[in-house]
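Structural characterization, general
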Amino acid sequence: MNKILQEDFDLAPCMVAGYESFMDGLLNIVHSGPICESVGERIKSYVLDFVQNHPLDSFDCFSDETYTRNYIGRDKSGWEAIVMSWKKGNRTAIHAHPQFAGYTFADGEFLVEVFEPFKEGICLVQEMTISDIHGVYAIGKAGKYNNHIHRITCLSDTAHSLHVYSDDALKGEKLDEQMIY
Ligand SMILES: [Fe+2]
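Please read these numbers as outputs of a predicted model, since none were measured by experiment.

Attention now goes to the nonpolar core. The biggest cluster of nonpolar side chains holds 23 residues, and the ones touching the most others in it are F22, L26, I43, L56, I72, L162 and V164. Put simply, the parts of the chain that give this core at least two residues each are α1 (20-30), α2 (37-53), β3 (80-87), β5 (100-107) and β10 (158-165). The element that contributes the greatest number of residues to this core is α1, accounting for six residues. Sequence-distant contacts of F22, defined by excluding residues within four places in its chain, comprise Y46, V47, F50, I72, A81 and L162. Y67, M84, A101 and V114 belong to the second largest nonpolar core, which has 19 residues in total.

In the first shell of the iron ion, the protein supplies H95 (NE2), H97 (NE2) and H150 (NE2), at 2.1 Å from the metal. Each donor residue of the iron ion belongs to the same chain, and together they define the spacing H-x1-H-x52-H. The buried category is assigned to H95, whose relative accessible area is 13%.

Bringing the sheet that holds strand β7 (residues 121-130) into the picture now. The five strands are arranged β7-β6-β9-β4-β11 in an open sheet whose pairing can be described as antiparallel. Strand pairing shows two members of the sheet lacking a second neighbour, β7 and β11 (174-175), which therefore form its edges. Relative to strand β9 (residues 147-154), strand β6 (residues 110-118) runs antiparallel, the two sharing six bridges. In the strand pairing of β9, L111 is matched with T153.

The rules behind these values
Residues numbered from 1 in each chain as written. Predicted model: local features only at pLDDT ≥ 70, side-chain atom pairs only at ≥ 80, totals over all residues. Heavy atoms only, no water. Core = buried A, V, L, I, M, F, W, Y, C linked by side-chain atoms within 4.5 Å. Buried < 20%, exposed > 50% of the residue type's maximum accessible area, 1.4 Å probe, protein only. Helix = DSSP H or I, 4+ residues; strand = E, 2+ residues; numbered from the N terminus. Contact = heavy atoms within 4.5 Å. Donors = N, O, S within 2.8 Å, 3.2 Å for Na, K, Ca; no water. Pairing = 2+ DSSP bridges.

Below, the structure written as structure tokens:
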């Protein structure tokens, strides 16, 4: 298991050695103005460009039980960047996000299922199979952790993705499979 699991991780600002310039560039963008589509597009392009030029195999810390979360950095306002390492069959819970959630698939193959609130539960509105470098972002309501509901499953032997959030992603609400209509 990866040693930097959430329960061990200090939520204080941090920056992982070797990723200072990536984080500096990212934080410049995220603090360039209020969270909006143009900032989202800039974050997406920035991370896509990074993963195209920096393979993430130094994060080869896989687990049969779950994807592993490897913090790259976080600033005092709560923005954070995390590399996730995946093995085939690793799957997230169905979960929601803070105001900004951006995720970039760097290598491997993934299934992404996107849900929306429906009646008392949720319904599946989009299903994407991703097998190339691909960036997605979603902007929701500030101060809420019920934005952009999805579930990600790894379909390839191994895979990596790089995620950027405007706040601690683990505050995102988790939803039960039984809530799917
Ligand atoms: Fe997510």
